[in-house]
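Structure at a glance
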Amino acid sequence: MAITQLSAFLANEPGTLYKALSAVSDAGINIRALSVADTRDFGILRMIVSDNEKTKEILGEDTTVAETAVVAVRMNDKAGALKEILNILQDAGINIEYVYAFTTSGKDSAYVVLRVNETEAAEEILRKNGKETLTDQDIQGLL
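**Here we look at the nonpolar core**
Within soluble globular proteins, side chains that are nonpolar tend to cluster in buried spots. Val73, Ile85, Leu89, Leu114 and Leu126 are the most contacted members of the largest nonpolar core, which has 14 residues in total. Beyond its immediate chain neighbours, meaning those up to four positions away, Leu126 contacts Val71, Val73, Ile85, Ile88, Leu89, Lys131 and Thr133. Counting 13 residues, the second largest nonpolar core, distinct from the first, contains Ile3, Ala33, Ile48 and Phe102.

Right under this line is the structure:
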């Protein structure tokens, strides 16, 4: 099962990112991972959070929030670990649209979040190659 990523479309103006992240933080929601991409007029805040519904409710008051299925893969926190995952996907003909990563304090591992053209196929091929993919429930249990 893929994990759910939330994407908030924010005006590219001073204080907008701070306001959005403050609202999430003040609600007691843990941001597990995030990425910000920008254009001249707006930014896309992509987040993996501890409470998707509450985050959508809070951010949805001021901005458009979309859900996207993404693949999260556990990898060893060492040189070459991401290369191995990317090679598996490349060999399977899976296109990667974007990537970002995060670590946790509880394990000697890192996680990579991948937006791919074929989510279910990517998860299946990664698992067949011994890679652990995460679910939304797994995200809740990360330290």
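Let's pick the thread back up.
**Focus: the sheet that holds strand β1 (residues 3–11)**
Across the sheet, which stays open at both edges, the 6 strands sit in the order β2-β3-β1-β4-β6-β5 with antiparallel pairing between neighbours. Only two strands of the sheet have a single neighbouring strand rather than two, namely β2 (31–38) and β5 (96–103). On average, each strand axis in the sheet is tilted by 30° relative to the strand beside it, whichever way the strands run. Sheet topology note: the β2/strand β3 (residues 42–49) ladder contains 7 bridges and is antiparallel. Its bridge partner being in β3, Ile31 is matched across the sheet by Val49. Taken strand by strand, helix α1 (residues 16–26) contacts β1, β2 and β3, and its axis lies near 20° from that of β3.

**Observations concerning the pattern of salt bridges**
Applying the stated rule across the entire model yields 6 salt bridges. Where Glu53 meets Lys56, a salt bridge forms, and the shortest distance between an N and an O atom there is 3.2 Å. Taken together, the positions of Glu53 and Lys56, both in helix α2 (residues 52–59) and 3 residues apart, correspond to about one turn of that helix. Across the pair Lys128 and Glu124 runs a salt bridge, and its minimum N-O distance is 3.0 Å. Note that Lys128 and Glu124 are positioned in helix α4 (residues 119–128) at a spacing of 4 residues, about one turn of the helix.

**A short note on α1**
Of all the positions in α1, only Thr16, Ala20, Ser22 and Val24 are classed as buried. Turning to α1, the residues buried within the fold contact β1, β2, β3 and α2.

**A look at the packing of helix α3 (residues 81–91) against α4**
Taken N-terminus to C-terminus, the directions of α3 and α4 make an angle of 120°; their axes are 10 Å apart at the nearest point. Here α3 is positioned oblique relative to α4, judged by the angle of their axes. Crossing hand, α3 versus α4: right-handed. Contacts from Ile85, Ile88 and Leu89 of α3 reach α4 at Ala122, Ile125 and Leu126. Across the contact of α3 with α4, the residue classes break down as 6 nonpolar, no polar and no charged.

**Some remarks on the pairing of β1**
With 7 of 9 residues buried, β1 is to be regarded as a mostly interior element. Here 7 bridges tie β1 to strand β4 (residues 64–76), and the two strands are oriented antiparallel to one another. Directly across from Leu6, in β4, lies its bridge partner Glu67. Note that β1 and β3 share 6 bridges and pair antiparallel. Each residue of the ladder has a partner; that of Ala11, found in β3, is Phe42.

**Section: the environment of Thr63**
Positionally, Thr63 belongs in the loop between α2 and β4. In this structure Thr63 comes out as buried when scored by relative accessible area, which is 16%. Counting along the chain gives 72 residues from Thr63 to Thr135, while the straight-line C-alpha distance between them is 26 Å. When near neighbours in sequence (up to four residues on either side) are disregarded, Thr63 contacts Ala8, Phe9 and Leu10. Engagement of the side chain of Thr63 in a polar contact is seen with the backbone oxygen of Phe9, the distance being 2.2 Å.

Rules of the game
Note on numbering: residues in each chain are counted from 1, in written sequence order. For this predicted model, a pLDDT threshold of at least 70 governs which residues receive local features, and a threshold of 80 or more governs which side-chain atom pairs are given and counted, while totals over whole chains, interfaces and linings are taken from all residues. Just so you know, side-chain values use all the structure's heavy atoms and leave hydrogens and water out. By nonpolar core we mean a set of buried residues, namely Ala, Val, Leu, Ile, Met, Phe, Trp, Tyr and Cys, connected to one another through side-chain atoms within 4.5 Å. With a 1.4 Å probe rolled over the protein chains alone, any residue whose accessible area is under 20% of its type maximum counts as buried; one over 50% counts as exposed, and the rest are partly exposed. In this description, contact between two residues means that some pair of their heavy atoms is separated by no more than 4.5 Å. A strand pair is defined by DSSP finding two or more bridges across the two strands. By definition, any uninterrupted DSSP run of H or I lasting at least four residues is a helix, any uninterrupted run of E lasting at least two residues is a strand, and each is numbered from the N terminus. Axis definition: a line fitted to C-alpha atoms, over the contacting stretch in the case of helices. Angles run 0 to 180 degrees between N-to-C directions. Put simply, a salt bridge is a Lys or Arg side-chain nitrogen that is within 4 Å of an Asp or Glu carboxyl oxygen. Orientation is classified from the angle alone, with under 35 degrees giving roughly parallel, over 145 giving roughly antiparallel, 65 to 115 giving roughly perpendicular, and any other angle giving oblique. Left-handed is the label given to a crossing in which the near helix is rotated counterclockwise from the far helix by less than a right angle, and right-handed is the label when the rotation is clockwise. Lys, Arg, Asp and Glu make up the charged group, whereas Ala, Val, Leu, Ile, Met, Phe, Trp, Tyr, Cys and Pro make up the nonpolar group; the residues left over, Gly among them, are polar. Under the rule applied, a polar contact is a pair of N or O atoms within 3.5 Å (in protein, one hydrogen donor and one hydrogen acceptor; residues adjacent in sequence only if both atoms are side-chain atoms).

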